[in-house]
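Breakdown of the fold
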Number of protein chains: 2
Amino acid sequence: MKCLAWLDGTVCNLSEATVPLEDRSYLFGDGVYEVIKIYNKKPFFLKSHLKRLQNSAEAIEIKIPHSIEDIERSIFDLIEKSACVEGYLYMQISRGSAKRDHLLPQGTKSSMVMYVRELSSPGSLEEIQPADCITYPDERWFNCYIKSVNLLPNVIARHKADEKGAVEAIFYRPGGIVTEGTRTNVFAVIDGIVRTHPESRLILSGITRMIALEILDTMDIKFSEEAFNLEELKNASEVWTTSTGMEILPVARIDGQPVSDQVPGPVCHELIKRFWRKVEETCYDGGKR
Amino acid sequence: MKCLAWLDGTVCNLSEATVPLEDRSYLFGDGVYEVIKIYNKKPFFLKSHLKRLQNSAEAIEIKIPHSIEDIERSIFDLIEKSACVEGYLYMQISRGSAKRDHLLPQGTKSSMVMYVRELSSPGSLEEIQPADCITYPDERWFNCYIKSVNLLPNVIARHKADEKGAVEAIFYRPGGIVTEGTRTNVFAVIDGIVRTHPESRLILSGITRMIALEILDTMDIKFSEEAFNLEELKNASEVWTTSTGMEILPVARIDGQPVSDQVPGPVCHELIKRFWRKVEETCYDGGKR
């Protein structure tokens, strides 16, 4: 496939794509974004991602510079031109380019960029590498529900995880309340009940999180959008993360301690299977990936 | 003057300057910056700004891609080429351009950009427009001592101030502790003592803040780097902000309430005069601006 970028309608190679130095995303992180998984050339849960993009943009008063219909058309066109079968589409809306000033610029048009990259997903349970995670203080701001590109705290925490040989950092706020991961939502099975932090300003409401909750609702297990603390996390019988890129990812170890003898556990195992079925129903006309 | 940009050694018009779409400053706000005032073609307190830049870069493990000597030479060269007499120099160091991943990229070279713009300063007290400020919850992350481009919370607060006809938002943390402004440090005269929030992870240690403290040390007034709360702020006899761009700026009103009958008050007035003298000593060989 070709890595192509789309810059407000102009298509070029991603490696040659540039933005103005005075773009507010570059100078202030003044932009919002989405990452959408592509299965079988189809963007998965596209409408949910575009709805969230609208919510993020609205929260910080950025105007989306194209109609949703035009954006959808451009996405399918870009996937087609890229010849991308399995991958992801990244999109970012910036407040635009203006003389640097914290104040929102007047008369500046926001800008939108997209690009497509290849990304394969595990095709069987054997291909899944359960995650090692660390726990890390959640030092982010208080508006994590906005999917903005102010991601430095996430970058730092991901780096701290890497230094310990882990692939994800699970954030906790003062008092030990677990919020989410650097780029994932976190689920834990505690006393037989699946729990995850409720939607609030402290977490980003993940699309895969939502899909997981919908699937759990069809399963023979109790679940609750109720926050849990570090102690509960460490005593959970199962832990997994959800994200667009890594789907449902079972967690093997937290701060070096094994979660359980069996990873993925039975609930996570069933959730993964049903998630894949959902992908097949949605993007493969119900056939096999 | 000409608005010129410098991109790792290449000079071009600022309006034509671009950065890669995959630059980590654009995608993650993964960069640090400085703004340096230029008086009489000379960068004011250049070494202090470069030292702080090094501290910020070190805090998030970004390598500065040029030697400090080369950067200093390039700054003077850019000011000369721009024919800038009074203005400011903006510089930003980004972790560089790499395939998007929260994890710090391996083998990627960081990048540095600078540009110069015109900015005049008030030449007399009569030209100073005392500031209207609002107070606003400090919802930022907990590492505000790093001068990073994750500035969305500052942008939002500045916008909220503007909506109320004010030019600055003064942040307070839970409990009402005043930290700083969106792009300024805040000083208040409380019971005859000048106070400002101490250096900590909750504020950006301003260069003009430091200069103000040095000047206060030569004046016949007590001062203390001790935090104050909203009530103390609102009962202060004088309030001012400090910043590179706006120097020492007296505050006239906070949340619509006048600070005092006389703005600037006597301490702020003397501080401004001595600050200007310092500018003249440093950049005008002691002569008049």
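Right, let's walk through the structure included here. (Residues numbered from 1 in each chain as written. Chains lettered and ligands numbered in written order. Predicted model: local features only at pLDDT ≥ 70, side-chain atom pairs only at ≥ 80, totals over all residues. Heavy atoms only, no water.)

Residues and elements named next belong to chain A. Among the five residues that make up strand β10 (residues 177-181), four are buried, leaving the element largely enclosed by the rest of the structure. Pairing of strand β9 (residues 168-173) with β10 involves three bridges; the strand directions are antiparallel. The residue bridging Ile170 from the neighbouring strand is Gly181, located in β10. Where β9 folds back onto β10 in an antiparallel hairpin, the turn is made up of three residues, including Gly175, whose phi is positive at roughly 95 degrees. (Buried < 20%, exposed > 50% of the residue type's maximum accessible area, 1.4 Å probe, protein only. Helix = DSSP H or I, 4+ residues; strand = E, 2+ residues; numbered from the N terminus. Pairing = 2+ DSSP bridges.)

What follows concerns the packing of helix α2 (residues 46-59) of chain B against helix α3 (residues 68-82) of chain B. How two helices pack is summed up by the angle between their axes together with the distance between the axes. Residues and elements named next belong to chain B. Interhelical geometry of α2 versus α3 gives an angle of 130 degrees and a closest axis separation of 12 Å. As judged from the angle between their axes, α2 and α3 are oblique. Crossing of α2 against α3: the hand is right-handed. For the pair α2 and α3, contact is made by Leu46, Lys47, Leu50 and Gln54 and by Ile68, Ile71, Glu72, Ile75 and Phe76, respectively. (Axes fitted to C-alpha atoms, helices over the stretch in contact; angles between N-to-C directions. Parallel < 35°, antiparallel > 145°, perpendicular 65-115°, else oblique. Left-handed = near helix turned anticlockwise from the far one by under 90°. Contact = heavy atoms within 4.5 Å.)

With that settled, the discussion passes to unusual backbone geometry. When glycine is set aside, most residues are seen to have a negative phi, and most peptide bonds are trans. Residue and element names in this part refer to chain A. The linkage connecting Val263 with the following residue, Pro264, adopts the cis geometry, with an omega of 0 degrees. Examined against the element boundaries, Pro264 turns out to sit in the loop between β16 (257-258) and α7 (266-283). Positive phi, close to 50 degrees, is recorded for Asn40, a residue that is not glycine. As for its placement among the helices and strands, Asn40 is situated in the loop between β4 (31-39) and β5 (42-43). The residue Ala83 is not glycine, and still its phi comes out positive at about 55 degrees. As for its placement among the helices and strands, Ala83 is situated in the loop between α3 (68-82) and β6 (87-94).

Residue and element names in this part refer to chain B. Read from one edge to the other, the open sheet built from six strands follows the order β2-β1-β7-β6-β4-β5, with strand pairing classed as antiparallel. The sheet terminates laterally at β2 (10-13) and β5 (42-43), the two strands that pair on one side only. Pairing analysis gives three bridges linking strand β1 (residues 4-7) to strand β7 (residues 111-118), with the strands arranged antiparallel. Within β7, the position partnered with Leu7 by the bridge is Val113. Packing against the sheet, α2 makes contact with β4 (31-39), β5 and β6 (87-94), and its axis sits at approximately 175 degrees to β4. Most of the contacts of α3 go to β7, to which it runs at about 35 degrees, and overall it touches β1, β2, β4, β5, β6 and β7.

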